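# Summary of the model geometry
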Amino acid sequence: MIDGTTLSTSPLVYGALSTVSSRVSLFTKTFNLRLLLCVAFAGPVGYVGYISAVAVHEVLGHGAAAWVLGGTFGGFALMPDGMGSATAEAEGHQNLVLAAGVLAGTGFGIALLLLARWVTHPLAKMVCLLFAFSSLEDATPYAFWNSAFPRPPGDFGRILLDLQSAELRWSLVVGSGVAYVATTIGCNIAIFRCFESLLGRLTRIQAIMLAWVFFGFVGGVAWFGFDWNLLIQDVGRVPQYVGASLQFAIAPLLVATRKRELVAVSVSNRCWAGSIASAWLVAGSLVVVLQSWLRHGVSWTGE
């Protein structure tokens, strides 16, 4: 009797296991495909956002401030690695012109975060979040590190060397340090949730892999793509190591703060293809413009 029962139920058991296995395989393949699409889209968008943040800092920050304060804005330059400069002066108000770069970047990033709350299309939301993250990460760490190490040619280093105020220096260190950590955590959580809505409800293992590999490892390595010694004389690699460590520290927080009720969104294949192609076209065109024109500087003063 026992043997007969075993023989009669074995096909049902094997059939159920086969069904579960096929569904798991399909779910994994779907996850891998969607993750590949997300990365293919986020990569070029992130780079464009990175360069745009520098443009906001130099043009809408230093340049616009100099013009508003009655000074001169002679031009600017943008490098493919994210370095930038502006020829902007306002006699008697130069410290305000110097501070305006970080203020413009911070304001632009906050405005994009607010916009992302109202945007409904998931890919448009991701663009807003990546641009916001780039702008805030261009502003708050810069203010923090250049206040902690007040050395030229950084903007805040020049301000602090001019004013010689210990109270101002430590106020900037504390304030910008808190803003740096808060914006980094907040933006990572928002972008992670945007990814998860596009990927569908993830298993805990998949969420951990996404958090540690993409946000932790890739986000940490990205910090080494820029030489902070160009902004702060002889600062070494301290900003890179701290920034990378912060990204790794955020990874478990991303998993712990996942939403229990996630609304998965669907994006058509045509929308994915068009969005990814457009993102790479814009990023590629931007690199060409940077290499052939903007890296040499744009000037309208004839100098």
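Residue positions are counted from 1 within each chain, in the order its sequence is given. The predicted origin of the model limits local features to residues at a pLDDT of at least 70 and limits the giving and counting of side-chain atom pairs to 80 or more, whereas totals for whole chains, interfaces and linings rest on all residues. As a rule here, side-chain values come from all non-hydrogen atoms in the structure, and water together with hydrogens is ignored.

### What about the overall build of the chain?
Helix numbering and strand numbering both begin at the N terminus, where a helix is a DSSP run of H or I of at least 4 residues and a strand a DSSP run of E of at least 2. What the chain contains, in helices and strands, is eight helices and three strands. The order of helices and strands in the chain, counted from the N terminus, is α-β-β-α-α-α-α-α-α-α-β.

### Section: the environment of Val 45
Looking at the element boundaries, Val 45 is found in helix 1 (residues 2-68). Remark: the alpha-carbon pair of Val 45 and Leu 130, spanning 85 residues in sequence, is separated by 7.2 Å. Sequence-distant contacts of Val 45, defined by excluding residues within four places in its chain, comprise Val 127, Leu 130, Phe 131 and Ala 279. Contact definition: two residues touch when any of their heavy atoms are within 4.5 Å.

### A few points about a nonpolar patch on the surface
Patches were defined on residues exceeding 30% relative accessible area and lacking a salt bridge, with like-charge contacts within 9 Å and nonpolar side-chain contacts (Val, Leu, Ile, Met, Phe, Trp, Tyr) within 5 Å. Accessible areas in this description were obtained via Shrake-Rupley with a 1.4 Å probe; residue shielding takes into account the shown protein chains only. Salt bridges are defined by distance alone: a side-chain nitrogen of Lys or Arg within 4 Å of a carboxyl oxygen of Asp or Glu. A grouping of Ile 205, Met 209, Trp 212, Val 213, Phe 217, Val 218, Val 221 and Phe 248 is seen on the molecular surface, where their side chains present a nonpolar patch of about 750 Å² in accessible area. When residues in the nonpolar patch are grouped by element, the largest group, seven residues, is from helix 6 (residues 204-222). Position of Met 209 among the secondary structure elements: in helix 6. Residue class for Met 209 comes out partly exposed when judged on its relative accessible area of 47%. Partly exposed describes any residue whose relative accessible area lies between the buried limit of under 20% and the exposed limit of over 50%, with all areas from a 1.4 Å probe on protein chains only and scaled to the type maximum.

### Some details on the sheet that holds strand 3 (residues 298-299)
For two strands to be treated as a pair, DSSP must find no fewer than two bridges joining them. Strand order in the open sheet formed by three strands is 2-1-3, with antiparallel pairing between adjacent strands. Bordering the open sheet on either side are strand 2 (84-89) and strand 3, each of which pairs with just one other strand. In terms of strand pairing, strand 1 (residues 72-78) meets strand 2 through six bridges, oriented antiparallel. Note on strand 2: the bridge partner recorded for Phe 73 is Ala 88.

### Observations concerning the packing of aromatic side chains
Geometry of an aromatic ring pair is reported as the spacing of the ring centres plus the angle between the planes. Any two of the Phe, Tyr and Trp rings considered here, Trp counted by its six-membered ring, make a pair once their centres fall within 6.5 Å; the pair's planes then place it as stacked at under 30 degrees, edge-to-face at over 60, or tilted in between. Counted according to the given criterion, the structure contains 14 aromatic pairs. Both rings, one in Phe 195 and one in Phe 214, keep their centres 5.0 Å apart while their planes meet at 40 degrees; by these two values the pair is tilted. Placement of the pair is Phe 195 in helix 5 (residues 166-199) and Phe 214 in helix 6, with a sequence separation of 19 residues. Phe 195 sits in the buried class, given a relative accessible area of 0%. Residue classification places Phe 214 among the partly exposed positions, given a relative accessible area of 23%.

### A closer look at unusual backbone geometry
Of the consecutive residues Pro 152 and Pro 153, the connecting peptide bond is found in the cis state with omega at 5 degrees. Within the secondary structure layout, Pro 153 lies in the loop between helix 3 (122-148) and helix 4 (155-163). If you check the backbone angles, Asp 234 has positive phi at about 60 degrees while not being a glycine. Among the structural elements, Asp 234 can be located in the loop between helix 6 and helix 7 (238-256). By relative accessible area, Asp 234 is classed as exposed at 63%.

### A short note on the nonpolar core
The biggest cluster of nonpolar side chains holds 72 residues, and the ones touching the most others in it are Phe 41, Met 126, Phe 195, Trp 228 and Trp 272. Of the residues forming this core, the biggest block, 15 residues, is contributed by helix 3. Discounting chain neighbours no more than four positions away, the residues touching Phe 195 are Cys 38, Ala 42, Met 126, Leu 210, Phe 214 and Phe 215. Grouping buried Ala, Val, Leu, Ile, Met, Phe, Trp, Tyr and Cys residues that are joined through side-chain atoms within 4.5 Å yields what is termed a nonpolar core.

Spatial relationships are all this shows, so hold off on functional conclusions.
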